[in-house]
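# Report on the structure
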Amino acid sequence: MSKVALITGGSRGIGKAVAIKFAKEGYDIVINYRSESDNLKELKNELSKYNVKVMCISGDVTAFDRWGEIAKEVIEKFGSIDVLVNNAGITKDTLLLRMSEKDFSDVIDINLKGTFNVTKQVIPYMTKQRRGRIVNISSIIGIIGNAGQANYAASKAGIIAFTKSCAKEFASRNILINAVAPGFIKTDMTAVLSDAIRENINNQIPLKREGTVEEVANLVYFLGAEENTYITGQVINVDGGMVC
């Protein structure tokens, strides 16, 4: 039976690259998305090249009960959830003096509580299987902080602590749980930055360039694959040496 990878926020950016990587390796793919888009249609076409089953399912990661339904639907269709990638996330950047309570809550609810919601609903099935891999997408901002991103930094730091705690709880069931902390990665969000800002950031990176979503996806795949048998509770940066 084929292995199954479930990716939240999987229609674009890092999530899309992760979905493609797992499909290339023969995994059936479940893509979670919040709203239908051209990106999702393009990804469906891309994944069709790899002769794997693809399920696209809508659901906001903040909806705890909905994720109980989603997990059940995936199990009914595929029989297992072997890999969970908690990738869904947002930013609402502004200085703390200008940050509204809603700006803070929205980012925490989606990035951090969303990771809890999905993991909480999926992990009982992994526990029953006595196997599984979970990769949570954090950020180097959750390690070093950044002006104007107090909400985002708090959410991503919380994901790191959540990852380490869950890894200790579920290791005895052969469920390995790790976090990946991307640095400055070329995505739709960074594409809007000016050349001057981009150059300034690149000058702070020892490798002197942005990372690619494929470079992040390669690490996510390894941590999620069966070849990973002894790495759990870790946070691995993909940042070109920016945080050493």
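Model, not experiment: these values are computed from the prediction.

Another point: the sheet that holds strand 4 (residues 83–86). The strand order across the open sheet formed by 7 strands is 3-2-1-4-5-6-7, and the pairing between neighbours is parallel. In the strand order of this sheet, the two ends are held by strand 3 (54–58) and strand 7 (235–238), each with one partner. The sheet shows a mean angle of 20° between the axes of neighbouring strands, direction not considered. Sheet topology note: the strand 4/strand 5 (residues 132–137) ladder contains 4 bridges and is parallel. The residue of strand 5 that forms the bridge with V85 is V135. Set on the sheet, helix 6 (residues 150–170) makes contact with strand 5, strand 6 (175–182) and strand 7; between it and strand 6 the angle comes to about 160°.

The next thing to look at is the side chain of N86. Relative to the helices and strands, N86 resides in strand 4. Side-chain polar atoms of N86 contact the side chain of T119, separated by 3.0 Å. The contact partners of N86, leaving out residues within four places of it in the chain, are T8, T115, V118, T119, I134, V135, N136 and I137.

Bringing the packing of aromatic side chains into the picture now. Any pair of aromatic rings gets described here by the distance separating the centres and the angle formed by the planes. Scanning the model with the defined rule gives 5 aromatic pairs in all. Aromatic side chains F116 and F162 sit 6.5 Å apart centroid to centroid with 75° between the ring planes, which places their arrangement in the edge-to-face category. Of the two residues, F116 is situated in helix 4 (residues 101–129) and F162 in helix 6; the sequence distance between them amounts to 46 residues.

Two quantities define a packed helix pair, namely the angle between the helix axes and the distance between the axes. One way to put it is that helix 3 (residues 64–78) packs onto helix 4 with a least axis distance of 8 Å and a crossing angle of 35°. Helix 4 is crossed by helix 3, and the crossing has right-handed handedness. Contact residues: helix 3 offers F64, D65, W67, G68, A71, K72 and I75, while helix 4 offers F116, N117, V118, K120, Q121, V122, Y125 and Q129.

Cut-offs applied
- Residues numbered from 1 in each chain as written.
- Predicted model: local features only at pLDDT ≥ 70, side-chain atom pairs only at ≥ 80, totals over all residues.
- Heavy atoms only, no water.
- Pairing = 2+ DSSP bridges.
- Helix = DSSP H or I, 4+ residues; strand = E, 2+ residues; numbered from the N terminus.
- Axes fitted to C-alpha atoms, helices over the stretch in contact; angles between N-to-C directions.
- Contact = heavy atoms within 4.5 Å.
- Polar contact = N/O pair within 3.5 Å; in protein donor to acceptor, adjacent residues only side chain to side chain.
- Phe/Tyr/Trp six-rings, centres within 6.5 Å; stacked < 30°, edge-to-face > 60°.
- Left-handed = near helix turned anticlockwise from the far one by under 90°.

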